[in-house]
Amino acid sequence: MIGLISATAAGTAARDRMAAAWPDRTRVYDGPVGEAVRAAFAECEQLVCFLATGATVRLLAPLLGDKAADPGVVCVDEGGRFAVSLVGGHGGGANELAREVGALLGAEPVVTTATDAVGLPGLDTLGFPFEGSVATVSRALLDGEPVALEAEVPWPLPPLPTAQQGPYTVRLTDRAVEPGEREVLLRPPSLVVGVGASKGAPVEEVLGLVEDALREAGLSPRSVAELATVDAKSEEHGIVATAERLGVPLVTYPAEELAAVRVPNPSDAPLAAVGTPSVAEAAALVRGGELLVPKRKSAAQPAMATCAVVRRPGRGRLAVVGLGPGARDLLTPRATAELRRASVLVGLDQYVDQIRDLLRPGTRVLESGLGAEEERARTAVAEARKGHAVALIGSGDAGVYAMASPALAEASDDIDVVGVPGVTAALAAGAILGAPLGHDHVSISLSDLHTPWEVIERRVRAAAEADIVVTFYNPRSRGRDWQLPEALAILAGHREPTTPVGVVRNASRPDESSRLTTLAALDPATVDMMTVVTVGNTATRDIAGRMVTPRGYRWQESTKEGAQ
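Just so you know, these numbers come straight off a predicted model, no measurement behind them.

Definitions and cut-offs
Residues numbered from 1 in each chain as written. Predicted model: local features only at pLDDT ≥ 70, side-chain atom pairs only at ≥ 80, totals over all residues. Heavy atoms only, no water. Axes fitted to C-alpha atoms, helices over the stretch in contact; angles between N-to-C directions. Helix = DSSP H or I, 4+ residues; strand = E, 2+ residues; numbered from the N terminus. Parallel < 35°, antiparallel > 145°, perpendicular 65-115°, else oblique. Left-handed = near helix turned anticlockwise from the far one by under 90°. Contact = heavy atoms within 4.5 Å. Pairing = 2+ DSSP bridges. Core = buried A, V, L, I, M, F, W, Y, C linked by side-chain atoms within 4.5 Å. Buried < 20%, exposed > 50% of the residue type's maximum accessible area, 1.4 Å probe, protein only.

Participant: Could you give an account of the packing of helix α7 (residues 203–216) against helix α8 (residues 237–246), naming the residues involved and the relevant values?
Facilitator: Here α7 crosses α8 at 50°, and the two axes come no closer than 8 Å. Comparing their axes, α8 and α7 come out oblique. Crossing geometry of α7 relative to α8 is assigned as right-handed. When α7 is examined against α8, the residues V203, E204, V206, L207 and V210 are found in contact with a partner set consisting of G238, A241, T242, R245 and L246.

Rendered as structure tokens:
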């Protein structure tokens, strides 16, 4: 919960805007400001104070204790111009909250945490439990000292400017080891503990068994991702309470699904009791992984609990990101977030240049030139299979004449794939022209490098006969100068010579140009590969210099009736 505190009418107005926008996330604290701050500090995970920074500091000072436990605090000035991350930038989430508040109120987020200021992810903000000298190793990263990354478990990490060797270390491990003096341990959620228990098994027996199994195998409890069992035991108190004490979710599976898992130690007892020859091993192995601790029983007589431990490696992550038509303000926030999250970026060199400044230090960039689309797709998938967080970029929307198709043709279900939509060239051009896509429309590429002309011609003819607005991608190049005239001729057989045609070159870029002409007047020689050509249907009109396709044909009919 986010506590909201204000003192003046201006602050209260901004406070109320936030409360209205986030009704389930916020709680307003009225009354004397000092009392409100103290109450919110004790009851909330985060605070937003609509007060002067000095006043907020004085009110908070007596309350501050441990930065790992104190709530994050954001201070917003009375004019609503700045949202300052004041306390708990990382641990309390104030840095991210300042950005959210800024986006909501139109304020500039002010973040002064050293790592954030230079674009480095904080080692304590990666989403993993951590141990060791975070401040020391973070300072080494900031100072450009060589920091080695030792990933004992493959796991998708955000970019870190690490080296092969160095006096400082970031180690990704699920083993129960102590950090060195200049080392940070990151605990990935790589361990799955399968458990079985007889009815009424005490939590002390189940929990003790799990803890003993992890300790004797040299594994860290902080890397346990989940407790797993059979559906029939979903409400067994000893198992439920063990998951709660470990602070992990309890995941259950149907007996028939567990029965299909091959295990080294099946047994007749669970088969008779719950319908599967294995609970602990099968529940741990059902989603794959390496069996580190085979089934073992608790020490009690008779034993009422069993467990097994599996290491499930992290799945690589491939984000296929559409960069939009080129303008920075048409790059979506989601695309920006994925670019900053990726440790490996794969893309066409000219597209990489567009967003290079958004990449975090340590991002590995794999760029290539035109014509290497399939190679880039294979490279991106291969890097994801190695356990990396990968962004594969394309212009416009990555799923429209771009990189999503070849990448997904290469990818199998051994990696996670995320699609990030982008503003397409057709949409950007349409917004410049007016509203040419107001009714049914289709995009057709005139490039016959991958598609035979006979197929393209058939599609153009179908669009012409169906009276659909057509946007031509890749309309004309030096080596392909006849396809556009052919396509226009096909459309001209079904549409009037006065049909509006919009021509937009480099939509949304600094050298953008556009013009509205007609089907009869368009000179194909003025079109190149950087151009999008949109041909209207029989209802499309030039209205005040804008290309408009009405949402229905009744508009066209009423226009005709009015003219009679």
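Moving on from the coordinates now.
Participant: Account for the sheet that holds strand β9 (residues 168–172), naming residues and giving values.
Facilitator: Taken in spatial order, the four strands of this open sheet run β7-β10-β9-β8, and their pairing is mixed. The sheet is open, and its two borders are formed by β7 (130–132) and β8 (147–151), each paired with just one other strand. Each neighbouring strand pair of the sheet contributes to a mean axis angle of 15°, computed without reference to strand direction.

Participant: Break down the nonpolar core for me, citing the residues and quoting the values.
Facilitator: One finds V193, V195, V210, L214, L227, C307 and V309 to be the most contacted residues of the largest nonpolar core, which totals 22 residues. Apart from residues lying up to four places away in sequence, V195 is in contact with V210, L227, A228, T229, I239, V279, A280, T306 and C307. The next biggest cluster of nonpolar side chains, apart from the first, holds 21 residues, and it includes A463, L488, L491 and V535.

Participant: I'd love a proper account of the pairing of strand β19 (residues 389–394), names of residues and values included.
Facilitator: The buried fraction of β19 is high, at six of six residues. Alternating positions in β19 separate into two faces, A389, A391 and I393 on one and V390, L392 and G394 on the other, with burial throughout. Of the strand pairs in this sheet, strand β16 (residues 317–322) and β19 are connected by six bridges, and their pairing is parallel. Each residue of the ladder has a partner; that of G322, found in β19, is G394. When strand β17 (residues 344–348) meets β19, the two strands line up parallel, connected through three bridges. Each bridged residue has a counterpart across the sheet, and for V346 the counterpart in β19 is L392.

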